[in-house]
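Next come the chains, spelled out residue by residue.
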Amino acid sequence: MDKGKIPVYSLEVGHEVITQILKSETSQDLLEYTLYRAKNSHVVIFFNGDGARGDFQNIPEQLISLRLNYDYVTFYYRGVREGKERSINDYIIDAQELLEHFRADRDYTSYVFIATSAGASVVANIVPEPIVPVSQVILIDPADYYVSPIGSTGLTWDGESEYLPENPVFSDSMKSIDSSVEKVDVIGFSLKNTLNHQYAPHEKRHIDQEGYYSRLNQQMVRAFYDKVPDVQKGKFRSVNEIPHAFMRDGNIRKNIRSLVRLLTNLLR
């Protein structure tokens, strides 16, 4: 893969911010990532959900302000900014290409994967044989999907659907997670804001409403944690103050503060 231009600027607390484009011989679409670098030996990579254009765009700077000893990486799956529909398997290929790039070009001694929604299925597929040394995984309201035939998007289980998968799902990979991963933490968002398989009106999506359901089936969310070998289980947190679409619904600043507080408590 070829490298694109690299704009660089600095944050006040010492992290350089490097945006880089990766080109692929197999795709005309570009994979763009941003590295918040302070030359730490540990790095956090954030994995967006399905079709997301920035689930974590404001999170790294918040964590940087707390002076944790990490570098941070956010990235966009190919074609997402152009509105192209892609499968979970496509996202997995993108993530693998990014990790191969980091393995070749960076010298981090350990990686932390933080993923939300469909990004959790991407991570689940990678961690049995990770390309880079992964020490910790944090999954935020993870969404599960059938593995075959193509890891299609749009087929996860919402709060009103019964989670009884009849065929292999991506969360099954958590059973065979690589032994180098020291712990897996999972955060579930139990806030009830959907009814009849539809979101409540936008102005009410941050409110826990009686008679409504969570955006995702929380038994499914818990499955990502329950399938992890006991020795690698970290913490499971269920919270009802943050909507699933935390960068879109409700008070976004409050959502970010709450999420950063959770992540700070979980990061090693």
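Quick notes on the rules
- All residue numbers refer to positions counted from 1 along the written sequence of the respective chain.
- Predicted model: local features are reported for residues with pLDDT of at least 70 only, side-chain atom pairs are reported and counted for 80 or more only, and whole-chain, interface and lining totals are derived from all residues.
- Hydrogens and waters are ignored; side-chain quantities use all the structure's heavy atoms.
- Helix and strand labels come from DSSP, where a helix needs a run of H or I of at least four residues and a strand needs a run of E of at least two; each type is numbered from the N terminus.
- Just to be clear, the radius of gyration here is over C-alpha atoms, and the globule rule we use is 2.2 Å times residues to the power 0.38.
- Here the term buried applies to any residue with accessible area under 20% of the maximum for its type, exposed to any over 50%, and partly exposed to those in between, with areas from a 1.4 Å probe on protein chains only.
- Any two residues having at least one pair of non-hydrogen atoms within 4.5 Å are treated as being in contact.
- In this description, accessible areas are obtained by the Shrake-Rupley approach with a 1.4 Å probe, and a residue is regarded as covered only by the protein chains that are shown.
- Here the positive residues are Lys and Arg and the negative ones are Asp and Glu; neither His nor the chain ends is included.
- All charge positions are set by atom: Lys at NZ, Arg at CZ, Asp at CG, Glu at CD.
- We call a set of buried Ala, Val, Leu, Ile, Met, Phe, Trp, Tyr and Cys residues a nonpolar core when their side-chain atoms join them within 4.5 Å.
- Two aromatic rings from Phe, Tyr or Trp, using only the six-membered ring of Trp, form a pair when their centres are within 6.5 Å; if the ring planes differ by under 30 degrees the pair is stacked, by over 60 it is edge-to-face, and anything between is tilted.
- In our convention, an over-ring charge means Lys NZ or Arg CZ found within 6 Å of a ring centre and within 35 degrees of that ring's normal.
- At least two DSSP bridges between two strands are required for those strands to pair.

Visitor: What am I meant to see in the overall build of the protein chain here?
Guide: When helices and strands are tallied, the protein chain shows five helices and twelve strands. Relative to the compact-globule value of 18 Å for 268 residues, the protein chain shows a C-alpha radius of gyration of 18 Å, a close match. Dimensions along the principal axes, computed over C-alpha positions, put the protein chain at roughly 50 × 40 × 40 Å. A buried classification covers 54% of the 268 residues belonging to the protein chain. By sequence separation, contacts in the protein chain at least 24 residues apart represent 68% of the contacts at least 6 residues apart. With the model as given, the accessible surface of the protein chain reaches about 12,500 Å², and the carbon-plus-sulfur share is 44%. Here the protein chain holds 30 positive side-chain charges and 36 negative ones, and the gap between their average locations is 6 Å.

Visitor: Looking at this structure, how should I read the nonpolar core?
Guide: Here is a general trend for soluble globular proteins: nonpolar side chains tend to be buried in one another's company. Ranked by size, the top nonpolar core spans 53 residues in total, and within it F47 and F113 carry the most contacts. If we skip the residues at most four places from it in the chain, F113 touches I45, F47, L99, V123, I126, V127, V132, V134, Q136, V137 and I138. Within the second largest apolar cluster, 27 residues are counted, among which are V17, F46, I256 and L263.

Visitor: Sorry, what's going on with the packing of aromatic side chains here?
Guide: Geometry of an aromatic ring pair is reported as the spacing of the ring centres plus the angle between the planes. Scanning the model with the defined rule gives 15 aromatic pairs in all. Members of the aromatic cluster, connected to one another through ring pairs, are F46, F56, Y70, Y72, F189 and F246. Over the ring of F236 we find R222, and its NZ or CZ is 4.6 Å from the ring centre. For K233, the ring lying beneath its charged end belongs to Y225, and the centroid distance is 5.7 Å.

Visitor: Help me understand the pairing of strand β5 (residues 71-76), please; the structure alone is not making it clear to me.
Guide: Each regular strand shows side chains that alternate between the opposite faces of the sheet. In terms of burial, β5 is largely enclosed, as six of its six residues are buried. With five bridges joining them, strand β3 (residues 31-37) and β5 adopt antiparallel strand pairing. Directly across from L35, in β5, lies its bridge partner V73. Of the pairings in the sheet, the one linking strand β4 (residues 42-47) to β5 comprises three bridges and is parallel in character. In the sheet register, I45 faces β5, and the bridge partner there is V73.

Shape is all these values report; function is a separate question.
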